[in-house]
Every structure is written in structure tokens, then in C-alpha cells.
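Now for the letters of each chain:
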Amino acid sequence: MRILGGDEEDSAAAMSAPPQHLVFAYYITGHGFGHATRALEVVRHLIAAGHDVHVVTGAPEFVFTTEIKSPNLHIRRVLLDCGAVQADALTVDRLASLEKYHQTAVVPRESILRTEVEWLNSIKADLVVSDVVPVACRAAADAGIRSVCVTNFSWDFIYAEYVVVAGHHHRSIVWQKIIRIANSYYDSLDTALVRKELGIKDDVKVVIFNFGGQPAGWKLKEEWLPDGWLCLVCGASETQELPPNFIKLAKDAYTPDLMAASDCMLGKIGYGTVSEALAYKLPFVFVRRDYFNEEPFLRNMLEHYQCGIEMIRRDLLTGHWKPYLQRAITLQPCYDGSINGGEVAAHILQDTAVGKKYISGKLSGARRLRDAIVLGYQLQRAPGRDVGIPDWYSLSEKEIGVRPAPAYHEVNGSAESSFEDFEILHGDMQGLTDTMAFLTSLSGLVVNDPRSPEKQSRERVAASVFFDWEEEIHVARAPGRLDVMGGIADYSGSLVLQMPIREACHVAVQRSNPIKQKLWKHTQARQLANGGAVPLLQIVSFGSELSNRAPTFDMDLSDFMDGDKPISYDKAKEYFSQDPSQKWAAYVAGTILVLMTELGVVFTDSMSILVSSSVPEGKGVSSSASVEVASLNIAPRDLAILCQKVENRIVGAPCGVMDQMTSACGEANKLLAMICQPAEVKELVSIPTHIRFWGLDSGIRHSVGGTDYGSVRVGTYMGRKMIKCAASDLLSESLPSSPPMQSGDTNSDEYEEHGLDLLKSEASLEYEAVYARDIPEIITGDEFLEKYGDHNDAVTTVDPKRSYCVKAPTRHPIYENFRVEAFKALLTAAKTDEQLSALGELMYQCHYSYNACGLGSDGTDRLVNLVQEIQHRKTGGHSLFGAKITGGGSGGSVCVIGKNCLKSSEEIFEIQKRYKAATGYLPIVFEGSSPGAGKFGYLKIRRRSTSSSA
């Protein structure tokens, strides 16, 4: 494989005559075929220099022996780690991947180490090279041999996203992973000769389809290509039939040679495909890969060198290729960097094997890796807050002058843009600076020129062309929320206390006649192919790069219909799950289906929707709820309930209604006291002027769709069912005339009248006295289902093969309701340190209860411990009094309570610094409050004409 290489300084130091014959043990991961083909180029140069190379790999031998004919090459077929398990060609199954790795590399780790140490000593290896089998470096250390990693990312970076879904019991895997450095190689070849060998004329346009793992039963069709084009198909099965304009390539065909002879490439984004595209200046039409964490860097690189166009997955699978291919051949790729990576890497390895220390140059592979990591930190920055770059990377930022990543509301430097460019026909901005910034951002889209030579984000380019600026636009705003008390007890019916935060989501919506709607090129091509204009939904989401999701989404609204009725929620969930990079659109588009289903709304117009949120995702401050709530304009309580339906039934996240209620019904500087079963606002509690709340982000991504949250909810409902069944037995004994209650009857009126109210004031005493001893710590799903039937929760299911923690999740809401009631009452007590200490103690108890349920995290525990350390130090007094994990737990943010004074802000800043010193991450601080969507209402705006503006 030919990939990008080192700098000119490294190039000058070509492989010289070796000082001695050396033996290299080269371990290659099973985490993708590309690792073997990249390592091949380094191995080739080492053997050319006269060394012996023992390759340890699970890849087929022909990958190496086809290119290298030498007795110095030794292949040892052993698989010491494994690749990702894929649900399909574009989607990684994260849970299955972790389980496979656990069985392949974690369980047999000790025996693997013993075997490898013995083998390394037997071949008298001078250097162990790993790309990048985690156990290889440990085996080298045990054998007393130097080791080097040659690669392009770190395993903790890849697996961290998987662990979010898998839960805390897989986190140890991340720490076994190691960091690696980039390698590559490129040489020139005769394009005309390759075309001649393939029998392709010079005037024929050729696209190489480099896409392994094609969906079963998928048929490529002649009409998918523009007239006069040919498609070279890599990885086609022997039985796959192809139309006449598609050519099946042999399995052993050398793909890079074919790329050089093509006009463009269509395939999955990856290190190999990207580097080949850049090296050959080959336009690349790429499709996103889900949970492929390296993708943002590769995509940015393609765009920077004008070498890539993204194709949405739906268009790939349905054959709408023509507009993408025709656009691709107009690109002018401009990468002119070095392309001798294999030679450079081999030179470094040779020097390392004989004990020389290698100091990389400014633009070496190691340096570029560091710069890429800096870019990753930069991409996390948002308006008004700084994401700290760990000290060991800060030098890179200073030396190369990394430009800060664009903020959500950046207007591409246009000084002419202003919120005053819009006439407000309805509503009031209420002095909210973020709303002013959003309107200024909209104004910047009006003057945005997609053809400008200045690099612009794809989301802004897409948004600039889909509004009709002469027509009305509706703008809504919904804040995120800080969970002060209550948290996961919301779905049990406990009282909760929530505060709407300053950060919010804005949504701009415009309805238009389908004939008049402005369309993106690929949607226009699809509509023409399908027979003309139909009601269409187009969505742009600002800030997509922060979470590696697609910035745009579009669909025909007819896709939501099954005959003359809306499709079921299950079908909608399946629809949005087909492409996880666009699953975020379910939060917005799902509101339309809910309106159709629940309220009978008929949509005959097309819609263009722009979403811009300053509520960061994965921080436990309800970013999803703010998006849902901002997308609708309905009475606040009804709005919250409908939005919960979107999240439960279409997105598939088993959350309570707490988040949506706060975002819809909250008011600035007040705590929303509510019961979530059913959704009922009890009161708005003013925050005393001497008290202040902060949110501190741990940097550990939280997701209510994650396994931990869902399993704890299941455990809670299991315990509830067990208590109800036990209570029914007690009721039968006390009321002899009553028939025994069956498992499905535990919601009867008679039972509720005589049974246990789990949230009454004395419930904890009754629970401990009567029921606690019969609630198991853990129960398997099949054991529960056999004994109790169902757990009576409509939004989760019991997995028979899983074990569920029951006692702690059952106990939590019973005690949490008492804590929340006590917290609310204490807010009106005398303004003393004792009052604050009591409030803080209730928060600490809540935090410990989360941990007992399995919903804690190292980061949130560290933040809470830092608050405690400051609170209990003996010198200087303190202004902070308590802290707790928030929302669904397992990462995200903590809520901190303290005095409303300057010293407390100083202590918060101290916690930020100490957390960064320990972890390398500077926590985001959430402070301040803002009105909910109901209080804000909506704005109806229209762009002022040029004459009226003057």
C-alpha cells in the first residue's frame, strides 16, 4: 500500500548499508487488512537492507509473499488480537467487538505472554515492532528486548467510544492499549500502461469501487453510473453478477495500481484509501463509517487538500451515484507532501535496533500524530469556554499556530452580519445574547458565498443555500438542564429538582411549497429520479464535527407514511438506525412523526430546519432534550411529553420526562420541582440569593442510551415488580376473601389502595422492614422472566442472557425521593453554613447511591472528591458544600452547591486546575440559568430588504 511519508530531512537519510545483520519481530494487528498492507512496505525496506523480518500476523501469507520474494521473510500465522465486529460494511458492533477482544486477548493474556517471550528469545530478536498488537510490547519488555510501535492512532482513542456503550466492566481493556506512529510508502507508475492492460480507452471515465463487505443481496446496476463510465469493483464475490459497465477485479489485484489509473474512487473512508487518494491526487467519494473515531481527521485532511466528497449512505445503497461522481471529477486535489513513509519508518527501526535514539523532525509522522491530537482537542472548543490541551501536546499548538476551531455561531469572519438584519414579526429575544448570536449567524448565511476560496465548514455551506431569505422563518430556543437533585429517580415517579442552564439549542424552521423549496444537488437528483417534487425535510446541524456525525440529513416526508397512516414508531426507529452517523436526525425529524401520529397533523409543505446548539453532547446536561423541545411549538407540558415519546420510541433512549419538562417548562434562576410519573409540575422553587449551583464536566461522555443506564432502569423495574408481588401476597393474607394476585394484576385499583406506595414519606422504613431482605443483589434475566413474567416497563426489555443488579437500583429511588423532599424544604431554611452543609450532604448521599447502582465514573468521583477536599481543609474556610453526579450518570457532569460569592468561583477554578493536572482535561463549567422554551415562546423573523436596511 502506498501511503503518505516522512519529511524531506528523513527522506535524505535513505536506508544506508546496515551496520550489522539484524532480526526484527514484526507484530501486525488483526484490526483490519490495511495494517498488513501498510506494514508490508516497511518490511520490504528492512529486507532490502539485508535484515531478517519475522512477521506475526493473522493476514493471509500472499499479502506479503506476492510483493516480497526473499528467504529473509518469515511468516508466523498467529492472531494475538482481533478486529472490530461489524454489523454491516459500515457499522461497528461495539459490544460484540469488546467481547471478542476480551475472549481473544484478555482471557488468555498470561499464556500469550509466556509463549511470545519464549519465541522472541528463540529467534534472537534485536527489535520488536508492533502495528499495533497491545501485548507485543509487554512481551518484548519481559524478554528484555527493545520495542517500537509503528501506527497512526492510539487504542484508547478507538475503544473509548465502545466502552461508553459497553459499561464500566470493559474499561480495563482501554488501559491495555498502546500508542502508535504513522507509516507509509509511495512510488510512481505508468497510468497509461495500467489502462492498456485493463483494455480501457483514454477517453473513458473510470471509478474504482473500493468497498469491502458489500451488503448481502445487494445488486449493482448499470444505470447507477453516468453514461460512458466504467466501474472497477474490488472485493466482489465469485458468484456476484455485474452489469456490463462494472468490471470485477481479481482478489489478488494490486489496488493502488488500479487507483492510479482511475478518475475517482468510491468507498469507505480509511487510512489506506485516504492516503492513496492524496498520493495519486485521486478524487475520493467517501461514505462515513460508524464508530470509526479516526474519521474526522481523515475527512478534514481530504477536504483540506480538495480531494473528497461525502456521499450519504442512503444514496450509496439506492444507487444515486451520478451527481457525486460528476462532482468528483471537477475537484483539483493538491497534496504535495512527502510519500516515502515505508523507507523512513524502516530507517528509524534500523537505528532503534542498534540503540540509536531517534529525534523526530518538525513534520515527522510522530509530530503529525501529535498535531492531529491537538486538532481533536481544538474541535471540542465551544463559545465562551476553553478546552485545555494536555501539557505534553501544548508545544505543538504553540509552534505550528493551530487555529482555534470555529465556534457554533461563527459567521466566517463577516463583519457585515448582524441580528438587526432581521425584522422580528413575532416574539421577543428577551435580551438573550445567545439568541442574538444565533440570528447573527443566520445573517452570515445570507451573505455566505459557497464559491468563496476561503475554506468553510460543510454545514455552513449546506445551510446557506436551503432558506428562502425573502420568506418568514420561525426560531425556537430551548435550554439544557442541570440535574440538582432527583436524577435517574425520575422514571420511578420521585420528586426531582432541575435548573435550566444558560446554554441552549436554537432551531430555525421554514416551511415552503415543495416546488419552490431550495434543494441540495443530491436531493434534487433523487427527486428527479423519483418523478418530481414531493414534500421534503432537509436538516442541517451545526457542530457536527464535535461528535463525528453527518452535518446534514434529508428525507421525503412520504417515508413517514404507510399508505394513508403514519408508520409505526418501531419502523421509524429502524429507519433512523440504518445510518448511525445520521441517527441524530431522529431527535428532530422524530418530532414530525410524533405530531402526525399523536395529533393527526398532516404535512403538505416541505421543511428546512437548522439546528444550532451550545449545549454540548455527552456532558449529562440534556443536549438531546433541548434539541427535541426546540423543534416544536406546543403548550410546554404537552410539548415535553411528546418529546419524551421521540426519545423513548424513535431514538430508543429509555429516559424519563425530566429533561424535556425542564427544557420546556423551566424558568431562569428557579428550580423546577416536578413528578415525572405522570409529568406534573409541582412548583417553581426560587433559588435563594445566597446559594449558587455549578455544573462541572468530567470529560467522560455520558449517554442515556448506554448499557449502564438501561440495565439500572431494568433493575429498578424488576425490584418494583418483586415488591408489588410481595405486597400482593401480604394483601391476600390480610384480606382472605381476595383471590391471589397474578403477576400481571399488580396495577389493580385494589392493590394500589392497600399496597405499598414506594415514595411515601415512611416508605424507606417499610421497605427495609418488610421487603429489602427478599430483593436479590443480582438476578439473571431468564430467572426473573420465569418467576415474574414482565417487568412492566414499556421502554426497556429484559435480556434473558444478562445479569442485572437489582437491590441498589430498587433502593435508590425510595431514598432519593426522601432526599429531594428534604432538599426542597431546606432551601427555605435560615441562611447559615449549617443549611448549606445539610444540602451538600444530601447531594453526597445521592452521589454515593449512583455509584452503588453502577452509574459512577472515575472522572465524576474525582470531581466530587475535590469538592470534599476543599470543603474539609482546615485552613482558610470554604465556600463549596456538596456535589453529585447528574442525569443518567456513567460520566457527564457533576452539580456543585456553594455560596454565591467570589470565593466559591475561585474554588471552582481551583478544581478545574487540579482536575486538569491529574487528567489532562480542563472541565467545562456550566453556570447561569435561562428561560425554558415555554417562557421564550418563538420568534417569527424575515430578512430586511436592502433598501429598508439602509
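Going by what an unreviewed UniProt entry lists, the chain is known as L-arabinokinase and is assigned to Leersia perrieri.

Section: the overall build of the chain
Helices and strands together make up the secondary structure of the chain, namely 35 helices and 30 strands. Put simply, the chain has 950 residues, and 57% of those count as buried. Taking contacts inside the chain between residues at least 6 apart in sequence as the whole, the part at least 24 apart equals 72%. When the accessible surface of the chain is split by element, carbon and sulfur atoms take 51% of a total near 39100 Å².

Focus: the sheet that holds strand E29 (residues 925-926)
Pairing within the open sheet is antiparallel, and its four strands lie in the order E27-E28-E24-E29. Since the sheet does not close on itself, it has two edges, and those belong to strand E27 (880-885) and E29, each with one partner. Its contacts with the sheet put helix H33 (residues 902-919) on strand E24 (691-697), E27, strand E28 (893-899) and E29, and the angle it makes with E24 is roughly 15°.

Digging into the packing of helix H31 (residues 833-853) against helix H32 (residues 858-872)
As a packed pair, H31 and H32 sit with axes 12 Å apart at the nearest point and diverge in direction by 150°. As far as their axial angle goes, H32 and H31 are roughly antiparallel. Note on packing geometry: the crossing formed by H31 with H32 is left-handed. Here H31 contributes Tyr844, His847, Tyr848 and Asn851 to the contact with H32, which in turn contributes Thr860, Asp861, Val864, Val867, Gln868 and Gln871. The residue makeup of the contact of H31 with H32, split by class, is four nonpolar, five polar and one charged.

As for the state of the cysteines
Throughout the structure, instances matching the rule amount to zero disulfides. The closest cysteine sulfur to the non-disulfide-bonded Cys334 is located on Cys307, 8.4 Å from its own sulfur. A relative accessible area of 32% means that Cys334 is categorised as partly exposed.

A closer look at the packing of aromatic side chains
Across all of its chains, the model carries 15 aromatic pairs by this definition. Here Tyr305 and Tyr335 contribute two aromatic rings whose centre-to-centre distance is 5.1 Å and whose plane-to-plane angle is 90°, an arrangement assigned as edge-to-face. You can see Tyr305 sitting in the loop between helix H12 (295-304) and strand E13 (308-310) and its partner Tyr335 sitting in the loop between helix H14 (322-328) and helix H15 (341-353), a full 30 residues away along the chain. Where Phe560 meets Phe576, the ring centres are 6.2 Å apart and the plane angle is 55°; that geometry is what we call tilted. One end of the pair, Phe560, is in the loop between strand E18 (552-556) and strand E19 (561-562); the other, Phe576, is in helix H21 (residues 569-577), and 16 residues separate them in sequence. For the residue pair Phe560 and Phe576, the accessibility class agrees, reading buried in each case. Every member of this aromatic cluster is reached through a ring pair, and the members are Phe422, Phe466, Phe467, Trp469 and Trp520. Over the aromatic face of Tyr815 sits the side chain of Arg811, whose NZ or CZ is 4.1 Å from the ring centroid.

Focus on the pairing of E27
Put simply, side chains in a regular strand alternate between the two faces of the sheet. Within E27, six of the six residues are buried, leaving the element largely enclosed by the surrounding structure. In this sheet, E28 lies alongside E27 in antiparallel orientation, the contact comprising five bridges. Among the inter-strand pairings, Leu880 is bridged to a residue of E28, identified as Gly898.

Details of unusual backbone geometry
Of note in this structure, Gln306 is not a glycine but carries a positive phi near 50°. In this structure, Gln306 sits in the loop between H12 and E13. Residue classification places Gln306 among the partly exposed residues on the basis of a relative accessible area of 44%. You will see that Asn792, though not glycine, has its phi angle at about 60°, which is positive. Turning to its location among the elements, Asn792 is positioned in the loop between helix H29 (781-788) and strand E26 (803-805).

Things to note about the sheet that holds strand E7 (residues 146-149)
Pairing is parallel across the open sheet formed by five strands, whose spatial order is E3-E2-E1-E6-E7. Of all strands in the sheet, those with a lone pairing partner are strand E3 (73-77) and E7, marking the two edges. Geometrically, the sheet is characterised by an average inter-axis angle of 20° between neighbouring strands, direction not taken into account. Here strand E1 (residues 23-28) runs beside strand E6 (residues 127-131); their pairing, made up of five bridges, is parallel. Each residue of the ladder has a partner; that of Tyr27, found in E6, is Ser130.

Focus: the side chain of Lys884
Its location among the elements puts Lys884 in strand E27. Judged by its relative accessible area of 0%, Lys884 falls in the buried class. Within the local environment of Lys884, its side chain forms a polar contact with the side chain of Asp483, the two groups lying 3.1 Å apart. In this structure, Lys884 is in contact with Asp483, Val484, Met485, Met843, Cys846, His847, Val864, Ser893, Val894 and Cys895, ignoring residues within four places of it in sequence.

Description of the side chain of Ser728
Among the structural elements, Ser728 can be located in helix H26 (residues 707-734). Within polar-contact distance, the side chain of Ser728 engages the backbone oxygen of Cys725 at 2.6 Å.

A few points about the pairing of strand E9 (residues 229-233)
With respect to burial, E9 is a largely interior element, five of its five residues being buried. What you see with E9 is no split at all: Trp229, Cys231 and Val233 on one side and Leu230 and Leu232 on the other are buried throughout. Pairing analysis gives five bridges linking strand E8 (residues 205-210) to E9, with the strands arranged parallel. Bridge pairing in E9 links Val206 to Leu230.

Looking at H15
Across its 13 residues, H15 extends 18 Å between first and last C-alpha, which sits within 8% of the 18 Å expected from 1.5 Å per residue. Across the 13 residues that make up H15, a large majority, 13, are buried. Positive phi shows up at Gly355, right after H15, with a value of about 95°.

Digging into H32
When the terminal C-alpha atoms of H32 are compared, their 21 Å separation across 15 residues agrees well with the 21 Å that a helix rising 1.5 Å per residue should span. Every buried residue of H32 is accounted for by Gly859, Thr860, Leu863, Val864, Leu866, Val867, Gln868, Ile870 and Gln871. Considering only its buried residues, H32 is in contact with E24, H31, E27, E28 and H33.

Here's the deal with empty space enclosed by the protein
Within the structure shown, the criterion is met by three cavities of 30 Å³ or more. Size it by volume and the largest cavity reaches roughly 60 Å³. Looking at the largest cavity, it is lined by twelve residues, and the ones nearest its centre are Asp490, Met658, Asp659, Tyr709 and Gly888. Taken together, the residues of the lining of the largest cavity sort by class into five nonpolar, four polar and three charged. Summarising the domain contributions, the lining of the largest cavity has at least three residues from each of domain 3 (476-681) and domain 4 (707-728 + 755-927). One number sums up the size of the second largest cavity: a volume of about 40 Å³. Contributing to the lining of the second largest cavity are Val287, Arg288, Glu310, Met311, Ile312, Arg313, Ala550, Asp579, Ser581 and Gln582. In the lining of the second largest cavity, the residues fall into four nonpolar, two polar and four charged.

The rules behind each value
Residues numbered from 1 in each chain as written. Predicted model: local features only at pLDDT ≥ 70, side-chain atom pairs only at ≥ 80, totals over all residues. Heavy atoms only, no water. Helix = DSSP H or I, 4+ residues; strand = E, 2+ residues; numbered from the N terminus. Buried < 20%, exposed > 50% of the residue type's maximum accessible area, 1.4 Å probe, protein only. Contact = heavy atoms within 4.5 Å. Areas by Shrake-Rupley, 256 points an atom, 1.4 Å probe, with all protein chains shown as cover. Pairing = 2+ DSSP bridges. Axes fitted to C-alpha atoms, helices over the stretch in contact; angles between N-to-C directions. Parallel < 35°, antiparallel > 145°, perpendicular 65-115°, else oblique. Left-handed = near helix turned anticlockwise from the far one by under 90°. Nonpolar A, V, L, I, M, F, W, Y, C, P; charged D, E, K, R; others polar. Disulfide = S-S within 2.5 Å. Phe/Tyr/Trp six-rings, centres within 6.5 Å; stacked < 30°, edge-to-face > 60°. Lys NZ or Arg CZ within 6 Å of the ring centre and 35° of its normal. Polar contact = N/O pair within 3.5 Å; in protein donor to acceptor, adjacent residues only side chain to side chain. Expected span 1.5 Å × (residues − 1). 1 Å grid on protein atoms, 1.4 Å probe; cavity = no way out; pocket = protein on both sides within 12 Å on 5 of 7 lines; lining within 4 Å. Points joined across faces, edges and corners; volume = space filled by probe spheres on them. Domains from an automatic or database assignment.

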